[in-house]
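What follows is each chain in one-letter form.
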Amino acid sequence: MAFSLSKVVPWGRSLAQYRSMFALDDADLERRILGCADGPASFNAEMTAMGKSVTSFDPLYQFSVDEIRQRIDETVDEIIRQTRLHRDTFCWSEEIPTPEALADNRLASMNRFLDDLDIGREVGRYIVAELPSLPVEDGSFDLAVSSHLLFHYSEHLTEQFHLDSVRELSRVAREVRIFPLLELGGRLSRHLDAAIESLKTIEKTATVEQVDYEFQRGATQMLRIR
Ligand SMILES: C[S@@+](CC[C@H](N)C(=O)[O-])C[C@H]1O[C@@H](n2cnc3c(N)ncnc32)[C@H](O)[C@@H]1O
């Protein structure tokens, strides 16, 4: 099925948030990293500015800067309205104390991404690609990270999509980290056990690990695959 911009709700996080979600230490930042489903996150832009190596895959990158900016403008108010309605399901902090501060935080990351998209696309840092099939050779990356797609959208994405996707990420990167493991509604992903089991058949070990990040209440674990 064609990927439609009108179905996307762009929402992007920062390098600091990626570091916490994926427990990335200084040595990890030196690795060849794939950000799969990076969308409008500023992870790639910020890492590149520090001289690090990140390639981002997302179907969103088929659209122009203006098209993505327009879609952000169309959707941000509704996201904040929904966040206010479900305020109790999030952990508010000094950094992000209110839904309005959340919007400012995410918009800052997304603007940083938009400023970087054209140049990054030209040099091959932003690539139009979609799970469960990625256009690169086996072992092209040291580490793949993927946040807020797999497991999070378990109600909308099938078990087979999850099994194929975790295997594909494991094919292209020596290590994979996925966050969060909770679905949108707050329960542990219905596809997690099947994904872990299926990885055993390709001799990969998957472990659930605690990380130092919590915004969706209770979402504090990532899956590490080696
Ligand atoms: C909620 S955003 C998360 C963005 C970023 N990872 C973050 O945490 O800030 C989910 C992203 O998944 C992307 N996406 C949707 N289907 C995909 C697929 N089959 N393969 C890769 N990315 C996909 C969307 O375009 C969107 O940018």
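Our structure's up above, just so we're on the same page.
Residues numbered from 1 in each chain as written. Predicted model: local features only at pLDDT ≥ 70, side-chain atom pairs only at ≥ 80, totals over all residues. Heavy atoms only, no water.

Peer 1: Teacher, can you tell me more about helix α7 (residues 192-200) here?
Peer 2: An α-helix turns once per 3.6 residues; consequently, residues spaced three or four apart project the same way. Every buried residue of α7 is accounted for by L192, A195, I196, S198 and L199. End-on, the buried residues of α7 take up no more than an arc of 165 degrees, which puts them together on one face. Across from the buried face of α7, at angles greater than 90 degrees, the exposed residues are D193 and K200. On its buried side, α7 packs onto α6 (159-172), β6 (206-210) and β7 (221-225). (Buried < 20%, exposed > 50% of the residue type's maximum accessible area, 1.4 Å probe, protein only. Helix = DSSP H or I, 4+ residues; strand = E, 2+ residues; numbered from the N terminus. Arc of directions from axis to C-beta. Contact = heavy atoms within 4.5 Å.)

Peer 1: Looking at this model, I keep getting lost on the pattern of salt bridges. Mind explaining?
Peer 2: Two side chains bearing opposite charge may form a pair once their charged atoms approach each other closely. Applying the stated criterion across every chain, the model contains 20 salt bridges. Across the pair R187 and E183 runs a salt bridge, and its minimum N-O distance is 3.8 Å. Here R190 makes a salt bridge to E183, at a shortest N to O gap of 2.7 Å. For E183, a relative accessible area of 4% translates into the label buried. (Salt bridge = Lys/Arg side-chain N within 4 Å of Asp/Glu carboxyl O.)

Peer 1: Quick question: what am I supposed to make of the site of the ligand here?
Peer 2: Around the ligand lies a shell of 17 residues, among which R13, A37, D58, L131 and S147 are the nearest. A distance of 3.0 Å separates a nitrogen atom of the ligand from a polar atom in the side chain of Y18. The contact in question runs from a nitrogen atom of the ligand to an N or O atom on the backbone of L131, over 2.9 Å. Within the complex, the protein chains bury 90% of what would otherwise be the 600 Å² of accessible surface of the ligand. Its residues assigned to classes, the shell around the ligand shows nine nonpolar, four polar and four charged. (Near = heavy atom within 4 Å. Polar contact = N/O pair within 3.5 Å; in protein donor to acceptor, adjacent residues only side chain to side chain. Areas by Shrake-Rupley, 256 points an atom, 1.4 Å probe, with all protein chains shown as cover. Nonpolar A, V, L, I, M, F, W, Y, C, P; charged D, E, K, R; others polar.)

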